[in-house]
Amino acid sequence: REAQLKKLKNLIQSGEKQLTTILERLKWSKDEVLKKKGYVVCPLDPGHTMPAASLDTHLDLCTWLKEGYTRQEKEAAPPSSHFFYAKSTSVVPVLIDRETQSKIIMNAVFKGDVPAEVCQKVKNGVPLTMERCFSELTAPERFAIYDYVVERAKATNKSSAVKLEDLQISFEKKADEDKQRPPSELELKSQMRDYKRRRQSSNPTSRSQ
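No experiment lies behind these values; they were computed from the predicted model shown.

What to know about the overall build of the chain
Then step 1. For the chain, the helix and strand inventory stands at 11 helices and two strands.
Then step 2. Its helices and strands taken in sequence order, the chain reads α-α-β-β-α-α-α-α-α-α-α-α-α from the N to the C terminus.
Then step 3. Here the analysis covers contacts within the chain between residues at least 6 apart in sequence; of these, 40% occur between residues at least 24 apart.
Then step 4. Just so you have it, the chain exposes about 18200 Å², and 55% of that area is on carbon and sulfur atoms.

Re the UniProt feature "domain: CHHC U11-48K-type" (unreviewed entry) in the chain
Then step 1. Mapped onto the present numbering, the UniProt feature "domain: CHHC U11-48K-type" (unreviewed entry) falls at residues 39-66.
Then step 2. Within the segment residues 39-66, helix and strand shares are 43% and 21% respectively, and the terminal C-alpha atoms sit 21 Å apart.

Quick word on the nonpolar core
Nonpolar side chains in soluble globular proteins generally cluster together in the buried interior.
Then step 1. Ranked by size, the top nonpolar core spans nine residues in total: Ile104, Ile105, Ala108, Val109, Val114, Cys133, Leu137, Ala144 and Ile145.
Then step 2. Of all the elements in the fold, those that place two or more residues in this core are α5 (98-111) and α7 (139-157).
Then step 3. In terms of residue count, the dominant contributor to this core is α5 (four residues).

About the criteria used
- For every chain, the first residue of the written sequence is number 1, and numbering continues from 1 onward in sequence order.
- At least 70 in pLDDT is required for a residue's local features to be given in this predicted model, at least 80 for side-chain atom pairs to be given and counted, and no such filter applies to totals for whole chains, interfaces and linings, which use all residues.
- Working from all heavy atoms in the structure, the side-chain values ignore hydrogens and water.
- Helix and strand assignments follow DSSP, with helices taken as H or I runs no shorter than four residues and strands as E runs no shorter than two, numbered in order from the N terminus.
- Contacts between residues were defined by any pair of non-hydrogen atoms, one from each residue, lying within 4.5 Å.
- The protein chains shown are the only cover counted for residues, whose accessible areas, like all others here, come from Shrake-Rupley with a 1.4 Å probe.
- UniProt positions are given in the numbering used here, feature names are shortened, and annotations may be inferred rather than shown by experiment.
- We call a set of buried Ala, Val, Leu, Ile, Met, Phe, Trp, Tyr and Cys residues a nonpolar core when their side-chain atoms join them within 4.5 Å.
- The rule is simple: take the accessible area with a 1.4 Å probe, protein chains only, and divide by the maximum for that residue type; under 20% is buried, over 50% is exposed, in between is partly exposed.

Right under this line is the structure:
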C-alpha cells in the first residue's frame, strides 16, 4: 500500500510540474485558470462559488444551513412575507436578529419576567421555524419577544399629534394674501368692463344720444 501511495504521489507531482510549465509558457497563473468569469464567492463560506445572479438565492439557503437547519427544513418553511408588508401602513413588520433577541431576553431577566438561569444558555440564533422556537425558547422568553413586537408595532403606528392651531384657518391672513396676489386675466377683463361702464354712465353725451 505504501508503494501505491508513493507512486500516486509521484504521479501527482509530475502532473503539477507539467501544468506549471504549460502555464508559464502561456503566462497564466493557477488563480486565473480556476477563477470563473461572472462567478462570486459566498460571504458566508469562501468555498461556495456561484453566478452573481444566484447569490441572493444561495445566501438564503446558506444562512439556514449555517444555523444548523437542513435543506428539507428550508424548503418546507413558508416564504417570508416581509416583502409584501415593506410599504404597508396597516401592518408593521418587526425584524429581530440575534443581538436584538439577546437584549430582549436580558431585559426580561432584569424585570423578573424570565428566570436568570435562562441567560446562561447559549442561543443558536433566532429560530426560523416553529419547531425550533418551541424547542429553543422557553415560554417566558417567547412572551418577552411577543411583548417587544407589540410595543414596537404600537410605537411605529402611533400617529403624530396635530396641533389645534394647524387646523384653524386665518381668514385675515388669507385676505391679506389675496390682496398681494396679482389679478388673473379674468379679473382684469372684469375690471376693464366695469371701468368702461362707469365711464359711459358718467359721459353726458353718451346719455343724450
